[in-house]
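Observations on chain architecture
Chain by chain, the residues run as shown.
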Amino acid sequence: MADDDLPDSLEPATGVPPRDEPPPPPTPKGDLRIASVVAIVTGAVVIAWYLFVVTASTISELDNLAWIQIGMWVLAGVSFVCGILSLNARMARELAAAGFIAGVAAGLLSISIGFFSGLELLN
C-alpha cells in the first residue's frame, strides 16, 4: 500500500529545521494626540469667539478689541496648522479627525467672519 510510506501526520517533524522568527512589528509612529488636542481646544475657543461676535451687540464696548481679534487670528492659525498636522496621525485617528475638523472650521470661520468683522472692528 502507498499510504504506509507516508509520514504520520501526528508525529513531530524531527528532520525539519525550525523557521526563522518574523521581524517584530514596527514601532507605532504618528502619535499626534497633542496636535489634535491643541487643534480642538484652540478651534473651540475661536469658534466660541466668532459665535460671540455674531450674536453679541455689545462687542464695540470691549477694551483691547484689536488685541483680542489679533489673538483670535493667531489661535485660528495654530488650530488650522495643528488640524492639518493631525492628518498624518496613525494612532488615535478619531481624535485626529476631530482635530482636523476643528482646525479647518476655525480657519474657515477666521477667514469668513473674522476677516471682515475684524477689519470693521479694528477701524
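To keep things clear, this report deals only with the structure shown in the data block. (Residues numbered from 1 in each chain as written. Predicted model: local features only at pLDDT ≥ 70, side-chain atom pairs only at ≥ 80, totals over all residues. Heavy atoms only, no water.)

What follows deals with the overall build of the protein. Across its full length, the protein holds three helices and zero strands. Ordering the α and β elements of the protein from the N terminus gives α-α-α. Counting only residues that meet the buried cut, the protein has 24% of its 123 residues in that class. As displayed, the protein offers around 9,000 Å² of accessible surface, 67% of which is attributable to carbon and sulfur atoms. (Helix = DSSP H or I, 4+ residues; strand = E, 2+ residues; numbered from the N terminus. Buried < 20%, exposed > 50% of the residue type's maximum accessible area, 1.4 Å probe, protein only. Areas by Shrake-Rupley, 256 points an atom, 1.4 Å probe, with all protein chains shown as cover.)

Here the focus is the environment of Leu109. Summarising the element assignment, Leu109 is placed in helix H3 (residues 93-122). Distance from Leu109 to Gly43, taken between C-alpha atoms, is 9.7 Å for residues 66 residues apart in sequence.

Here the focus is the nonpolar core. Grouped together as the largest cluster of nonpolar side chains are eight residues: Val46, Trp49, Tyr50, Val53, Leu65, Met72, Ala76 and Ala106. Counting residues per element, the ones that place at least two in this core are helix H1 (33-55) and helix H2 (65-85). The leading source of residues in this core is H1, at four residues. Setting aside chain neighbours within four positions, we find Ala76 in contact with Val46, Ala106 and Ser110. (Core = buried A, V, L, I, M, F, W, Y, C linked by side-chain atoms within 4.5 Å. Contact = heavy atoms within 4.5 Å.)

Right, let's talk about the packing of aromatic side chains for a bit. Under the counting rule described, the total for this entry stands at one aromatic pair. Where Trp49 meets Phe52, the ring centres are 5.7 Å apart and the plane angle is 40°; that geometry is what we call tilted. Taken together, the residues Trp49 and Phe52, both in helix H1 and three residues apart, mark about one turn of the helix. On the basis of relative accessibility, which here comes to 35%, the residue Phe52 falls in the partly exposed class. (Phe/Tyr/Trp six-rings, centres within 6.5 Å; stacked < 30°, edge-to-face > 60°.)

This next bit is on a nonpolar patch on the surface. A cluster of nonpolar side chains, namely Ile34, Val38, Trp67, Ile70, Val74 and Val78, defines an oily patch on the protein surface of about 590 Å² accessible area. At the level of elements, H1 and H2 are the ones that each hand at least two residues to the nonpolar patch. In terms of residue count, H2 provides more of the nonpolar patch than any other element does, four residues in total. Inspection of the secondary structure assignment puts Val78 in helix H2. (Patch = residues over 30% accessible without salt bridge, like charges linked within 9 Å, V, L, I, M, F, W, Y side chains within 5 Å. Salt bridge = Lys/Arg side-chain N within 4 Å of Asp/Glu carboxyl O.)

Turning our attention to the packing of H1 against H2. How two helices sit against one another is set out by the angle between their axes and by the gap between those axes. Between H1 and H2, the shortest axis-to-axis distance is 8 Å and the interhelical angle comes to 145°. For the crossing formed where H1 meets H2, the hand is left-handed. Along the contact surface, H1 presents Ala35, Val38, Ala39, Thr42, Gly43, Val45, Val46, Trp49 and Tyr50, while H2 presents Leu65, Ile68, Gln69, Met72, Trp73, Leu75, Ala76, Val78, Ser79, Cys82 and Gly83. Classifying every residue of the contact of H1 with H2 gives 15 nonpolar, five polar and no charged. (Axes fitted to C-alpha atoms, helices over the stretch in contact; angles between N-to-C directions. Left-handed = near helix turned anticlockwise from the far one by under 90°. Nonpolar A, V, L, I, M, F, W, Y, C, P; charged D, E, K, R; others polar.)

This part covers H1. End to end, H1 covers 32 Å across 23 residues, agreeing with the expected 33 Å (1.5 Å per residue, within 8%). Along H1, the positions that sit buried rather than exposed are Ala35, Ser36, Ala39, Thr42, Gly43, Val46, Trp49, Tyr50 and Val53. (Expected span 1.5 Å × (residues − 1).)

Helix length check: H2 (21 residues) gives 30 Å between terminal C-alpha atoms against 30 Å at 1.5 Å per residue, within 8%. Along H2, the positions that sit buried rather than exposed are Leu65, Gln69, Met72, Ala76, Ser79, Cys82 and Gly83. Projected down its long axis, H2 shows its buried positions confined to an angular sector of 150°, all on one face. Away from the buried face of H2 by more than 90 degrees, exposed residues Trp67 and Val74 are located. (Arc of directions from axis to C-beta.)

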